[in-house]
Amino acid sequence: MLCDGRLVCGCADPYGRRTLGDARVASVRDVWTGPRIVTLREELNAGGSRFCGDCPLKLPLQKDEPPSVRPLDAGALPSRMYIECTAACNISCDQACCAPETGITRTRQAGMLDFDLFRRVVDEAGAALVRIDFFNYGEAFLHKRAIEMCEYIKSHFPQVYLYTSTNGLALTDEQARRLVHSGIDEVTFSIDGASQSAYEKYRRRGRFDRAVATLRAMVDEKHRRARDLPFLNWRYILFTWNDSDDEMNRARQMAGDIGVDRLCWELTDHPENAYSRRFVPGSPDLEAIRHEVWDDNNLGNAVPGAMPRARIDVRAIWPGVPLLARAGRPLQVRTRVHNLSRRQYPAQATYGRRLVRLGAQLCAADGTLVDRDFARAWLPATLAPGARADVPIEIPTPSQPGRYSLKFDLVSEGIDWFERCGSDTTVRTLLVR
Ligand SMILES: C[S@@+](CC[C@H](N)C(=O)[O-])C[C@H]1O[C@@H](n2cnc3c(N)ncnc32)[C@H](O)[C@@H]1O
Ligand code: SF4
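Residues numbered from 1 in each chain as written. Chains lettered and ligands numbered in written order. Predicted model: local features only at pLDDT ≥ 70, side-chain atom pairs only at ≥ 80, totals over all residues. Heavy atoms only, no water.

A. How the structure looks around the domain arrangement of the protein chain. Here the protein chain is partitioned into domain 1 (79-292) and domain 2 (310-432). A straight line from the C-alpha centre of domain 1 to that of domain 2 covers 35 Å. On the domain 2 side, the residues contacting the nine residues of domain 1 number nine residues. Interface area for domain 1 against domain 2, summed over the two sides, is near 740 Å², with a carbon-plus-sulfur share of 46%. (Domains from an automatic or database assignment. Contact = heavy atoms within 4.5 Å. Buried area = accessible area lost by both parts, 1.4 Å probe.)

B. Expanded view of the packing of aromatic side chains. Inspection of every chain in the model, using the stated rule, returns 11 aromatic pairs. Where Tyr236 meets Trp265, the ring centres are 4.9 Å apart and the plane angle is 85 degrees; that geometry is what we call edge-to-face. One end of the pair, Tyr236, is in strand β9 (residues 231-237); the other, Trp265, is in strand β10 (residues 262-266), and 29 residues separate them in sequence. For Trp265, a relative accessible area of 0% puts it in the buried group. Plain terms: the ring middles of Phe239 and Trp241 are 5.0 Å apart, the flat faces sit at 25 degrees to each other, and that makes the pair stacked. One aromatic cluster in this structure is built from Tyr82, Phe135 and Tyr163. Note that Arg235 overlies the ring of Trp294, its terminal NZ or CZ placed 4.8 Å from the centroid. Just above the ring of Tyr275 sits the side chain of Arg277; from NZ or CZ to the centre is 3.8 Å. (Phe/Tyr/Trp six-rings, centres within 6.5 Å; stacked < 30°, edge-to-face > 60°. Helix = DSSP H or I, 4+ residues; strand = E, 2+ residues; numbered from the N terminus. Buried < 20%, exposed > 50% of the residue type's maximum accessible area, 1.4 Å probe, protein only. Lys NZ or Arg CZ within 6 Å of the ring centre and 35° of its normal.)

C. Fine view of unusual backbone geometry. Backbone torsion omega between Leu229 and Pro230 reads -5 degrees, so that peptide bond is classified as cis. Position of Pro230 among the secondary structure elements: in the loop between α7 (208-224) and β9. Of the consecutive residues His270 and Pro271, the connecting peptide bond is found in the cis state with omega at -5 degrees. Mapped onto the elements, Pro271 comes out in the loop between β10 and α9 (284-289). Even without glycine at this site, Gln95 takes up a positive phi of about 60 degrees. Looking at the element boundaries, Gln95 is found in the loop between β4 (92-93) and α3 (115-125). In this structure, Ala226 takes a positive phi of about 50 degrees despite not being glycine. With respect to the helices and strands, the residue Ala226 is situated in the loop between α7 and β9. Among the residues examined, Ala226 registers a relative accessible area of 69% and is labelled exposed.

In structure tokens form, the structure reads like this:
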């Protein structure tokens, strides 16, 4: 939803050219199930729609490639929404489509999202939503009631995963602390550099120390109140002027000192004359930081020592001997899990995500994955950096006798498997009689 109430199909339409409906005059349900969106779905199923115009997310079909066919009935309401509370910004990112000089705010019929309109839309769609991205173009926290909106969402629809991305420059320390208590699940700070001189080349007119101070205020408040939310990311876009080892290492160090949950690098392809030439696909430099790149996986972390790493020893009477089980009878396996990182692995989380558990994935004898969520075991307690714990796990043996393999890995629930960011797994043959 754009800040004037128009509903567009996604985040790749900065100037509101592909409007599906208008929440000022229609319900979300009417737009979501209305003729325009149904025709769009029909046309996409048939191979393409003129509605999509020059959308940069459009992927042309390869020769003879059949279009993906999705259900025309997408339910009464969407399960996910972006909410833009303003398209205005307090800085001007170099050649960005949302920089104020582009005139983006003139493409909106309102400067700031009306609170009553916001409430009406959230009240209607909230129960069906699993996630709200509370940003689009512009800087959300320029809206005077942005924090109140976050509070409203989380107090009325706590099941919604509420996420935002901010440049961090519109919030005072006091507002940053209030945002911590709003219930918001995750906040990303866009800080592309570790010094004023590198930062301001993209974030023009931005003040590096102010952005970092806001981030620090949120981290400190969270720690002071012993809260496990919100998860706080520092997201650093790599350009030609901030991709040196020096600048990146300074960011690693600062992120570690501040206590940020996650520092990640973002690879971009724009502006054309500015994106990092050092970290391009296929380069050894990119390979070296691959798991720390935002889009590579959901756990990778460039903060020193914070990359999730574990060793899982499967206790067997004879090392190397397959695990033996009888068909249909659960098998008790003893393991010992060693935290090889400098961050603790929480055994519990107040919000049911990001707790760490041991998983056993069922694979065929040749390693092909059969069931990723085959078995899970809780950690007995939060696992401190460097600590080990005995973690028994009950394996529900397959009903078909034969040779299988089990892959043991840790999982940050709702986020990702440790293997995805390079942690070693342990594989054992399972013989079922
Ligand atoms: C349009 S911004 C709006 C939110 C907020 N003003 C901010 O900068 O985080 C949304 C996202 O786009 C990202 N972004 C901005 N310029 C980018 C670029 N050249 N390449 C990739 N992502 C970019 C931002 O870092 C942010 O995460
Ligand atoms: S800070 Fe965000 S909204 Fe503002 S110009 Fe940069 S990317 Fe766009």
